[in-house]
Amino acid sequence: MSIHIGAQPGEIAETVLLPGDPLRAKYVAENLLEDAQCYNEVRGMYGYTGTYKGKKVSIQGSGMGIPSISIYAHELIHEYQVKTLIRVGTCGCLQEEMELGSVLLAIGASSDSNTNNMVFNGLQYSPTADFTLLDKAYHTAEGMGMKVVVGNVLSTDLFYMDDPQRYHVWIDHNIVGIDMESSALYTLAARSNVQALSILTVSDNIITGQVSSSQDRQEKFMDMIKLALEI
Ligand code: HPA
């Protein structure tokens, strides 16, 4: 057991999918995995291990934001020897023409988080996806007839940004999506030499103000999960 995860050694697979919402972890485990067993209920942050097409895989809620995903990623890597971490979440979109429901593979993750300063002490670092995973996700999506966009995202600490002008510097540098976790996941994975990728569906467009309905979000989420499970 680690501080935030109640699993015994060996109960978590080497590959873990990380939705922000623990109820999504439960839903996927109950609907897409075989022989799924719940290994964590601490703080209601469900974690399950099962098999998909005969391969062992886990799915663990990560919570929202960099501090929360950092705790789960750290413990999965250091206490449970996880080697591949795939975030499956939603993102806002910073490009006017991008449709709700589009799937984004985050090649890089910029950030406004002060956690970067704590780690890099004023120096700049560019968190990136694992190339092998990214390449595999891109080609698997192609094979599934699923259109994906590969782009840079911003992982922000503020969901509610009072001043929308603050986004402009990111938009001007071709940032496509905005989430609250990917940069930390990539940074932690790089530091421990394990693989990470964020697969994100666009749930809202910050420029046009469009927001997906919960039914649309659920459908698109399932498409994205299937891609993550395939890779
Ligand atoms: N901002 C930050 N994170 C998000 C958003 C957003 O608009 N949508 C989904 N995750």
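Keep in mind the model is a prediction, meaning the values are calculated, not measured.

Asks: How would you sum up the site of the ligand? Please name residues and give values.
Replies: Taken together, Thr 90, Cys 91, Gly 92, Phe 159, Ile 178, Asp 179, Met 180, Ser 203, Asp 204 and Ile 206 make up the full set of residues adjacent to the ligand. In this structure, a nitrogen atom belonging to the ligand sits 2.8 Å away from a side-chain N or O atom of Asp 204. Taken by itself the ligand offers 260 Å² of open surface, and the protein chains cover 92% of this. The cavity that encloses the ligand is the largest pocket.

Asks: Lay out the environment of Ala 189 in plain terms, naming residues and giving numbers.
Replies: Its location among the elements puts Ala 189 in helix α6 (residues 182-191). A sequence separation of 133 residues divides Ala 189 from Lys 56, and the C-alpha atoms of the two residues are 20 Å apart.

Asks: Give a description of the packing of helix α1 (residues 22-32) against helix α7 (residues 214-230) that names residues and reports values.
Replies: Taken N-terminus to C-terminus, the directions of α1 and α7 make an angle of 65°; their axes are 12 Å apart at the nearest point. Here α1 is positioned roughly perpendicular relative to α7, judged by the angle of their axes. α7 is crossed by α1, and the crossing has right-handed handedness. Contacts from Arg 24, Tyr 27, Val 28 and Leu 32 in α1 reach Arg 217, Gln 218, Phe 221, Met 222, Ile 225, Lys 226 and Leu 229 in α7.

Asks: Provide a residue-level description of the pairing of strand β3 (residues 47-52), including the pertinent values.
Replies: Where burial is concerned, most of β3 is hidden: 5 out of the 6 residues are buried. Bridge count between strand β2 (residues 34-40) and β3: 4 bridges; the pairing is antiparallel. Looking at the pairing, Gln 37 lines up with Thr 49 of β3. As defined by bridge partners, β3 adjoins strand β4 (residues 55-60) across 6 bridges and the pair is classed as antiparallel. For Thr 51, the partnering residue across the bridge sits in β4 and is Lys 56. Linking two consecutive strands that pair antiparallel, namely β3 and β4, is a turn of 2 residues; a positive phi of about 50° is found at Lys 53 within it.

Asks: Hey, could you go over the packing of aromatic side chains for me, with residue numbers and the actual values?
Replies: Taken as a whole, this structure holds 3 aromatic pairs when the rule is applied. Ring plane angle 15° and centroid distance 4.7 Å describe the contact between Phe 120 and Tyr 125, whose orientation is recorded as stacked. Judged by centre distance (4.8 Å) and plane angle (80°), the ring pair of Phe 159 and Tyr 160 falls under edge-to-face. Of the two residues, Phe 159 and Tyr 160, both sit in the exposed class. If you follow Arg 24 out to its NZ or CZ, it ends over the ring of Phe 221, 4.3 Å from the centre.

Asks: Account for the nonpolar core, with residues named and values stated.
Replies: Grouped together as the largest cluster of nonpolar side chains are 64 residues, with contacts concentrated most on Ile 12, Leu 17, Ile 59, Leu 85, Leu 197 and Ile 199. Setting aside residues up to four positions removed in sequence, Leu 85 forms contacts with Val 16, Leu 18, Ala 73, Leu 76, Ile 77, Leu 185, Val 194, Gln 195, Ala 196 and Leu 197. Formed by 6 residues, the second largest nonpolar core is a distinct cluster that contains Leu 94, Leu 154, Met 161 and Ile 178.

Asks: Give a description of helix α4 (residues 131-143) that names residues and reports values.
Replies: In this model α4 runs 18 Å from its N-terminal to its C-terminal C-alpha over 13 residues, within 8% of the 18 Å that 1.5 Å per residue would give. Considered for burial, the residues of α4 that qualify are Leu 133, Leu 134, Ala 137, Thr 140 and Ala 141. Buried residues in α4, looked at end-on, bunch into an arc of 135°, giving them a common side. Exposed positions of α4 whose direction lies more than 90 degrees from the buried face are Phe 131, Thr 132 and Gly 143. Directly beyond the C-terminal end of α4, a positive phi value near 70° is found at Gly 145.

What counts and what doesn't
Residues numbered from 1 in each chain as written. Predicted model: local features only at pLDDT ≥ 70, side-chain atom pairs only at ≥ 80, totals over all residues. Heavy atoms only, no water. Near = heavy atom within 4 Å. Polar contact = N/O pair within 3.5 Å; in protein donor to acceptor, adjacent residues only side chain to side chain. Areas by Shrake-Rupley, 256 points an atom, 1.4 Å probe, with all protein chains shown as cover. 1 Å grid on protein atoms, 1.4 Å probe; cavity = no way out; pocket = protein on both sides within 12 Å on 5 of 7 lines; lining within 4 Å. Sits in = over half its atoms within 2 Å of the grid points. Helix = DSSP H or I, 4+ residues; strand = E, 2+ residues; numbered from the N terminus. Axes fitted to C-alpha atoms, helices over the stretch in contact; angles between N-to-C directions. Parallel < 35°, antiparallel > 145°, perpendicular 65-115°, else oblique. Left-handed = near helix turned anticlockwise from the far one by under 90°. Contact = heavy atoms within 4.5 Å. Buried < 20%, exposed > 50% of the residue type's maximum accessible area, 1.4 Å probe, protein only. Pairing = 2+ DSSP bridges. Phe/Tyr/Trp six-rings, centres within 6.5 Å; stacked < 30°, edge-to-face > 60°. Lys NZ or Arg CZ within 6 Å of the ring centre and 35° of its normal. Core = buried A, V, L, I, M, F, W, Y, C linked by side-chain atoms within 4.5 Å. Expected span 1.5 Å × (residues − 1). Arc of directions from axis to C-beta.

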